[in-house]
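Structure assessment
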Amino acid sequence: MTDWPFANPVWVASGCGGTGRELAAYVGLGGLGAFVTRSVTLQARAGAPGPRVVEAPSGVLNAIGLQNPGVERFLADDLPVLRVLGATVVVSIAGVSLGEYAELARTLGRADGVSAIELNLSVPGGAGTGILDAREPFQAASVVAACRRDLPRGVLLLAKVRSDVLRVVETCRGVADAGADGVVVGNALPAAMPDGRPAGLSGPAIGPLTRRCVAEVVRALPALAVVAAGGIMGAGDARAYLDLGARAVQVGSALFHDPTAAHRVLAGLTEESS
Amino acid sequence: MATPDRARTGSVTPAQAGPASGPIHVSGEVLATRSLGHYRRLTLVAPGVGERSRPGTFLALSVGEGRIGRRSFWIQRVHPEGGHGTVLDLVVEPVGPGTRWLASLAPGARIDVTGPLGRPFALPRDSARCLLVGEGHSAAALTLLAERLRDRGCTVQLVLTAPDETRLLGVLEARRSVATVTVALGSEALARAVTTAATDCEVVYAAGSVTTLRLCADAASAAGGQCQVALEQPLLCATGLCQGCPVVVRDAAGERRTVRACVEGPVFRAERLDWESLS
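Residues numbered from 1 in each chain as written. Chains lettered and ligands numbered in written order. Predicted model: local features only at pLDDT ≥ 70, side-chain atom pairs only at ≥ 80, totals over all residues. Heavy atoms only, no water.

**Description of unusual backbone geometry**
Residues and elements named next belong to chain B. In the segment running from Gly115 into Pro116, the intervening peptide bond is cis, with an omega of -5°. Residue position: Pro116 is located in strand S7 (residues 110-117). Backbone torsion omega between Gly265 and Pro266 reads 5°, so that peptide bond is classified as cis. The residue Pro266 is located in the loop between strand S14 (256-260) and strand S15 (267-269) in this model. (Helix = DSSP H or I, 4+ residues; strand = E, 2+ residues; numbered from the N terminus.)

**So, the packing of helix H6 (residues 187-198) of chain B against helix H7 (residues 210-222) of chain B**
Residue and element names in this part refer to chain B. At a minimum axis distance of 9 Å, the contact between H6 and H7 shows a crossing angle of 30°. One element, H6, and the other, H7, form an angle in the roughly parallel class. Here H6 and H7 pass one another in a crossing that is right-handed. Residues Leu190, Ala191, Val194, Thr195 and Ala198 of H6 form the contact with H7, whose own contacting residues are Thr212, Leu215, Cys216, Ala219 and Ala220. Each residue belonging to the contact of H6 with H7 can be placed in one class, and the counts come to eight nonpolar, two polar and no charged. (Axes fitted to C-alpha atoms, helices over the stretch in contact; angles between N-to-C directions. Parallel < 35°, antiparallel > 145°, perpendicular 65-115°, else oblique. Left-handed = near helix turned anticlockwise from the far one by under 90°. Contact = heavy atoms within 4.5 Å. Nonpolar A, V, L, I, M, F, W, Y, C, P; charged D, E, K, R; others polar.)

**Thoughts on the interface of chain B and chain A**
Residue-level contacts link 33 residues of chain B with 40 residues of chain A. For the pair chain B and chain A, the summed buried surface comes to about 2,900 Å²; carbon and sulfur atoms form 60% of the total. The largest contributions to the chain B side of the interface with chain A come from B:Ile68, B:Leu241 and B:Gln243, which together make up 28% of the buried area. Linking chain B with chain A are three salt bridges. (Buried area = accessible area lost by both parts, 1.4 Å probe. Salt bridge = Lys/Arg side-chain N within 4 Å of Asp/Glu carboxyl O.)

**Digging into the sheet that holds strand S2 (residues 39-45) of chain B**
Residue and element names in this part refer to chain B. Spatially, S4-S3-S7-S1-S2-S6-S5 is the arrangement adopted by the seven strands of the open sheet, whose pairing is antiparallel. In the strand order of this sheet, the two ends are held by strand S4 (70-74) and strand S5 (77-81), each with one partner. Looking at each pair of strands side by side, their axes are set apart by 40° on average, direction ignored. By the bridge criterion, five bridges tie strand S3 (residues 58-62) to S4 in an arrangement that is antiparallel. Among the inter-strand pairings, Ala60 is bridged to a residue of S4, identified as Ser72. (Pairing = 2+ DSSP bridges.)

**Remarks on the environment of B:Leu241**
Among the structural elements, B:Leu241 can be located in the loop between strand S12 (226-230) and strand S13 (246-250). Exposure remark for B:Leu241: the relative accessible area of 1% places this residue in the buried category. Sequence spacing of B:Leu241 and B:Val263 is 22 residues, and the spatial spacing of their C-alpha atoms is 9.3 Å. When residues no more than four places from it in sequence are discounted, the contact partners of B:Leu241 are A:Gly15, A:Cys16, A:Gly17, A:Gly18, A:Glu22, A:Leu23, A:Leu255, A:Phe256 and A:Pro259. (Buried < 20%, exposed > 50% of the residue type's maximum accessible area, 1.4 Å probe, protein only.)

Written out as structure tokens, the structure reads:
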């Protein structure tokens, strides 16, 4: 496996750090383990109309519709800024087909300053987003295989899978066999906005569910690098995942509550261990 | 590494060093509270935020640990307070659990404050003739602006509107600092007041509902003036991270783009907005 290029185990989760510039107003990005970008697609996407994000009990519902500038503008506008800000960059990608995933991985894998590609294989918005449906483990594995083929050495390939307790081990085994260097467990869970539109639920509300998934995956696949993402608000939540065997954690919705949350988590972990 | 403690005491990344600008995240304190009709005014100690504030910028407040979303408020006023440097006033309309919680806070309560957020109003040349239109609690967005305009020697007319008198903000205070204050209760009175006043103004600044903002935009356009509107969209993080506040604008080339109300706004030039998508 490619070396693990992350200096510490606290990352910013995809879609939760803006373009990086916004977060950098408060805290240095260089101090974090990694900054995962919002999911980049081949073509620009304007995203969904509002309301896009609403509070739910102990969580957040989002229906962003994967708004992003497309890979070309991402490479021109966003990636150079992330590099200047000192971030260890993980680019999340989403495609409408295997071919799109592979093209995105190939293009971004060759760009300077990309440490890893995170395949978003768990878009919670469902069919309405137009993104390839990777609901079955074999589908997730085929995306990994298609991307692995053309990815330069030295760039890690991570698969972000849904925290579906019944399927998560099978999915992780499938993507690992297909060549993923690690998995991210999990994403916002499929849910609905108050008006019934498909949405993703994230935040402390899904923490215990994600923890179960991480525990099962670590037990079944002890050699696989697991990055846990779900409901981390403080250092205690991160510590629980790391104690289970996760190699790193991603802080997401907590940043909406406190833009310094990831640094707070890291400082808490550092304090514990010193 | 920048620790949260450094962030909380207001240090900034090297790119922003120099004159204080941009938002900071600090632990603040409620210094005083006061009822203003239907609203509650909070005076906050939030070290470093006041000095950075400009007209049209806003604050995001945390409402307890259990609620992830922030609640956003216009920075109504920044003033020096002995022993605290500058303090900030904001106006809360208690409409939901979060705002009711804020309105119930007593002096001494601790609260996380992020700000100042967003792009401010652009100020006109000295001595321009300006019309300010504020609706309900949103009129708070115009107080700092009126002060700055007066300092530049601008002529300021203010139209305040609300559904009823308990929701009318700052009439008495405004009469002390602004040349002309007109109160217009109800939509017909507002339309008359704005249309009349706009004919004599070069710049119209508006804060309130989309309906009121559009009325102001149309009146300014008909009178050949400029218009800047302070848009209030539902914000979750308010800091540009969540992409939850889409606003469709047209760029210089006429291309439609979706931007964030919190970062690319909340103040927009009226002619850039795609009004149909806002209604």
